[in-house]
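# Structure at a glance
Next come the chains, spelled out residue by residue.
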Amino acid sequence: MELGRLGSRLIVDLSLFKDNIKLLKDRFPHQEVIFMVKADAYGHGILEMVEFSLEECGIKEFGVASLSEALALRRSLPEKEFELYVFSDQGLSLQENHELYHQKRIFPVITKWSDLKIFCENPSLKSGPLCLKFNTGMNRLGLDFEEVDEVISYLKSKGIKDIHHLMSHFANASLSMKKNNRNLWQRDRFKKLKEEFKNAGFNIMNSSIGNSGALEQGIGGEETHIRPGLMLYGPSSMAPKNKNQTFWKGKIISRLETTILSLRPIKKGDPIGYGSVPCPSSGVLAIIAIGYGDGIGTKFSGAHLTHRGVQGQIVGRVCMDMTFVLFPEGTDLKEEENFIIWGSDPEFFRNLSQETSTIPYELVIALTTRVPRIYQIN
Ligand SMILES: *Cc1c(COP(=O)(O)O)cnc(C)c1O
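First, a word on what this report is: a plain description of the structure on this page.

### Details of the site of the ligand
The ligand sits among 13 residues. The nearest are K38, Y42, S212, L230 and Y361. For the ligand, a nitrogen atom lies 3.4 Å from a polar atom in the side chain of H169. Within the side chain of S212, an N or O atom sits 2.5 Å from an oxygen atom of the ligand. About the coverage of the ligand: the protein hides 93% of its 390 Å² of free accessible area. For the shell around the ligand, the class distribution of residues is six nonpolar, four polar and three charged.

Quick look at the structure:
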């Protein structure tokens, strides 16, 4: 589809997303998916991603970070039925939020004692499902594994026997799930946790631990649910040195496009842009219409981009609205033509994130609102 001149844009290919879902479901046929859509669906647009997941992919559960993300989603899709979990910034210390969880059917994932007490003592919260997340070794959020006995006694004293969803989270899922000791330790502790609750007479209705890195290595299928984020947007979350340990063959669902504004022949040593950075070799300089104001930060300097099969390199300092890409002399380039920063190739995306010293999670999220998200279905 020719989009004309819209400035830089992120094309989100929903057909590729659907393919990624299918790939995941083939590997985890018996698990329900809690699709992680925090941070505006990792920069892809939460509303569109949730709507498409609900209507076209059979996903009915979603996870966000904060109550405000959850409320915004409920406000945008008032008629739709889906479950919504808030994982980190629940705001339970504020009285006025309690009713909102109840009214809007949003599930706070309890990760600390103070919130557990608030939950159990507040009738409207307590009437909803209890979701507990334990710290099995990441030391971020979570009730401590060592305190499971206290949690059990406390819940019993409050007459609670049903845990709607028991969770934990891996700290090192980008490393081997089968060899890394911390991963083995966390897996073992989560298993013990479930046993302790069961032995104490609790009914654990649902459980989950798998994030992308774990799922990519086939781990997480012992639970009722899986919690993928990154992988469904395409990138692998495996560390580069472990990239062969994943079964994941997802496609990058986003394509970042901009325009070549101008071309300029250039000689080695000629000054480029702010700071008059000397050009590293002779060639043709493409000035493209994207910069740090769009989320292509100064760290992109030095990274390689490919245009119609020819490799170029970002040179000079990235500007707010423009970037310089140096191509070999004689490269076939046209002013005003489309320029693709990244497309569906996961290998290219991985390299770009390495060259820009970012992790794959950051590249799309970093794009600002200056870059419209455009949805495409093939
Ligand atoms: C973000 C998040 C996930 C998803 O992680 P990915 O690595 O993107 O798959 C899963 N669980 C929790 C609690 C999260 O915060």
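### A closer look at the nonpolar core
In terms of nonpolar packing, the biggest core is built from 105 residues, with F35, L132, L155, F197 and W342 touching the most fellow members. Setting aside anything within four residues of it in sequence, one finds F197 in contact with L132, F134, V148, V151, I152, L155, I163, L166, F202 and I204. Counting residues in each nonpolar core, the second largest holds nine residues, with I272, L285, I287 and L326 among its members.

### Description of the packing of helix 1 (residues 14-27) against helix 3 (residues 46-56)
Contact pair helix 1 / helix 3: the axes reach a minimum separation of 11 Å and the direction vectors enclose 55 degrees. If you check the angle between helix 1 and helix 3, you find them oblique. The interaxial crossing formed by helix 1 with helix 3 has right-handed handedness. For the pair formed by helix 1 and helix 3, the contact residues are L14, F17 and K18 on the first element and M49, F52, S53 and E56 on the second. For the contact of helix 1 with helix 3, the per-class residue count stands at four nonpolar, one polar and two charged.

### A short note on helix 6 (residues 113-121)
Within helix 6, the full set of buried residues consists of D115, L116, F119 and C120. Across the axial projection of helix 6, the buried residues extend over an arc of 130 degrees, all falling on one side.

### Digging into the packing of aromatic side chains
Per the stated rule, a full pass over the model turns up 15 aromatic pairs. Between F197 and F202, the ring centres sit 5.3 Å apart and the planes meet at 85 degrees, which makes this aromatic pair edge-to-face. The pair formed by F197 and F202 is uniform in burial state, with each residue classed as buried. Their ring planes at 70 degrees and their centres at 6.2 Å tell us that F327 and F339 sit as a pair that is edge-to-face. In this pair, F327 sits in strand 19 (residues 323-327) while F339 sits in strand 20 (residues 338-342), placing the two residues twelve residues apart along the sequence. Summarising the burial analysis for this pair, F327 and F339 share the class buried. An aromatic cluster is defined as three or more aromatic residues linked by ring pairs; in this entry it consists of F17, F35, Y42, F52, F62, F82, Y233 and Y361. The residue whose ring lies beneath R27 is F247, and the NZ or CZ to ring-centre distance is 5.5 Å. Its guanidinium or amino end placed over the ring of F82, R74 lies 4.4 Å from that ring's centre, counting from NZ or CZ.

### Observations regarding helix 5 (residues 95-103)
Those residues of helix 5 that fall on the buried side of the exposure criterion are N97, H98 and Y101. The buried side chains of helix 5 occupy one side of the element, clustering within an arc of 115 degrees when seen end-on. Turned more than 90 degrees off the buried face of helix 5, the exposed positions are Q95, E96 and Q103. Its buried side turned inward, helix 5 meets helix 4 (67-76), strand 4 (83-89), strand 5 (106-110), helix 6 and helix 7 (123-126). Note on helix 5: the residue one or two positions beyond its end, R105, has a positive phi of about 50 degrees.

### What about the packing of helix 6 against helix 8 (residues 148-157)?
Packing of helix 6 against helix 8 leaves a shortest axis separation of 11 Å and a crossing angle of 15 degrees. Relative to helix 8, helix 6 is oriented roughly parallel. In the crossing of helix 6 with helix 8, the sense of the turn from one axis to the other is right-handed. Judged by residue contacts, W113, L116, K117, C120 and E121 of helix 6 engage E150, V151, Y154 and L155 from helix 8. A per-class count over the contact of helix 6 with helix 8 returns six nonpolar, no polar and three charged.

Basis of the calculations
- Residues numbered from 1 in each chain as written.
- Predicted model: local features only at pLDDT ≥ 70, side-chain atom pairs only at ≥ 80, totals over all residues.
- Heavy atoms only, no water.
- Near = heavy atom within 4 Å.
- Polar contact = N/O pair within 3.5 Å; in protein donor to acceptor, adjacent residues only side chain to side chain.
- Areas by Shrake-Rupley, 256 points an atom, 1.4 Å probe, with all protein chains shown as cover.
- Nonpolar A, V, L, I, M, F, W, Y, C, P; charged D, E, K, R; others polar.
- Core = buried A, V, L, I, M, F, W, Y, C linked by side-chain atoms within 4.5 Å.
- Buried < 20%, exposed > 50% of the residue type's maximum accessible area, 1.4 Å probe, protein only.
- Contact = heavy atoms within 4.5 Å.
- Axes fitted to C-alpha atoms, helices over the stretch in contact; angles between N-to-C directions.
- Helix = DSSP H or I, 4+ residues; strand = E, 2+ residues; numbered from the N terminus.
- Parallel < 35°, antiparallel > 145°, perpendicular 65-115°, else oblique.
- Left-handed = near helix turned anticlockwise from the far one by under 90°.
- Arc of directions from axis to C-beta.
- Phe/Tyr/Trp six-rings, centres within 6.5 Å; stacked < 30°, edge-to-face > 60°.
- Lys NZ or Arg CZ within 6 Å of the ring centre and 35° of its normal.

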